[in-house]
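As a plain string of letters, each chain reads:
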Amino acid sequence: MTTKELKAIQPARTNKVAGTVLLSCLAILAGCCVMLVLHERDDALWTLFVGMHLLHAAIAELVIWVVIAAKQRKRVFAAFAENEIFVERDGGKPLRKIEELAVEHFGGNLKQALVFAVTSPEISRMERSAMSIELMDYEREYVQNICGMGLKESVAEARREVLTRARIEADLADKSRTYRKTRCAYQLMRAECMAKCYFPSIEGESETIELKFGDAGLYSCTQDEYEMTTEGDQFCLVKLEGKKNILLAYAEKDWIMDESLFS
């Protein structure tokens, strides 16, 4: 079975049906309102009867759609579990990262790519996180059943690269306008993540996502960095000389620290 064939039986394909059902429900409810407003008889019992009848019809249609969607979802999960799945392009749509991996290394076999992504030390934690975001529910269930862990939550060994000054300076140039213009001195230090802080946006203010490093200060991180970090993780922090703000934070789970960086 191909991914295109699998997609054809996914609940997402019932969107047109869902739209039709919802429109009909809205029409019924609108009719209910009109009946209540324009009916000439001042009969509370009749009004209640009409309203309950129309509301019952609307609820029944919604329930029918939910049942149909649930059955289709069950069919998709079963089809994925019972068949080998091969990647097939769907028109001009780009492939997901896990599909690209399947095509490049496993002849398009999606299940083999999923297991490889979860367990192989050739895949970095960041790559696993990026792939995980795009996974379908039945793919998540499959890797959990086969590997005993999810893609994003994988505790298997992951690929780590050597952290070099060249990499740090390239990242600094992207991150800091001051460094980009002056190539000023910067400071490296090792520190442990003491806590994670997340404050959602309130009244138009942007959300705050931070990692706390004790006396070393706070690091404003990305959502991926936040989710992939646990308290106690060791980091290499980068600051511009004489500045308090942490500009870069490299987790030792993702990078091999060159000891010469700290000498």
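Coordinates for the structure precede this section.
These figures come from a predicted structure and were not determined experimentally. (Residues numbered from 1 in each chain as written. Predicted model: local features only at pLDDT ≥ 70, side-chain atom pairs only at ≥ 80, totals over all residues. Heavy atoms only, no water.)

**Q** Looking at this structure, how should I read a nonpolar patch on the surface?
**A** Taken together, the side chains of Ile59, Val63 and Val67 make up a nonpolar region of the molecular surface, amounting to roughly 240 Å² of accessible area. Its place among the elements puts Val67 in helix α3 (residues 44-82). (Patch = residues over 30% accessible without salt bridge, like charges linked within 9 Å, V, L, I, M, F, W, Y side chains within 5 Å. Areas by Shrake-Rupley, 256 points an atom, 1.4 Å probe, with all protein chains shown as cover. Salt bridge = Lys/Arg side-chain N within 4 Å of Asp/Glu carboxyl O. Helix = DSSP H or I, 4+ residues; strand = E, 2+ residues; numbered from the N terminus.)

**Q** Explain the pattern of salt bridges to me, please; I cannot follow it from the model alone.
**A** Pairing is possible between side chains of opposite charge, provided their charged atoms come close. Evaluated as defined, the whole model comprises 13 salt bridges. Between Arg96 and Glu139 there is a salt bridge, with the nearest N and O atoms lying 2.8 Å from each other. With a gap of 43 residues between them, Arg96 in the loop between α3 and α4 (97-105) and Glu139 in helix α7 (residues 137-147) connect regions that are remote in the sequence. Here Arg96 falls in the buried class, since its relative accessible area comes to 15%. By relative accessible area, which is 1% here, Glu139 ends up buried. Among the charged side chains, a salt-bridge network with shared partners connects Lys7, Asp90 and Lys93. (Buried < 20%, exposed > 50% of the residue type's maximum accessible area, 1.4 Å probe, protein only.)

**Q** I tried to follow the nonpolar core on my own but got confused; where do I start?
**A** Nonpolar side chains tend to gather and get buried jointly when the protein is soluble and globular. Membership of the largest hydrophobic core comes to 25 residues, with the highest contact counts inside it found for Leu6, Phe80, Ile98 and Leu114. Breaking this core down by element, the ones donating at least two residues are α3, α4, α5 (110-119) and α7. Every residue in contact with Ile98, bar those within four places of it in the chain, is listed here: Leu110, Ala113, Leu114, Ala117, Met131, Glu134 and Leu135. (Core = buried A, V, L, I, M, F, W, Y, C linked by side-chain atoms within 4.5 Å. Contact = heavy atoms within 4.5 Å.)

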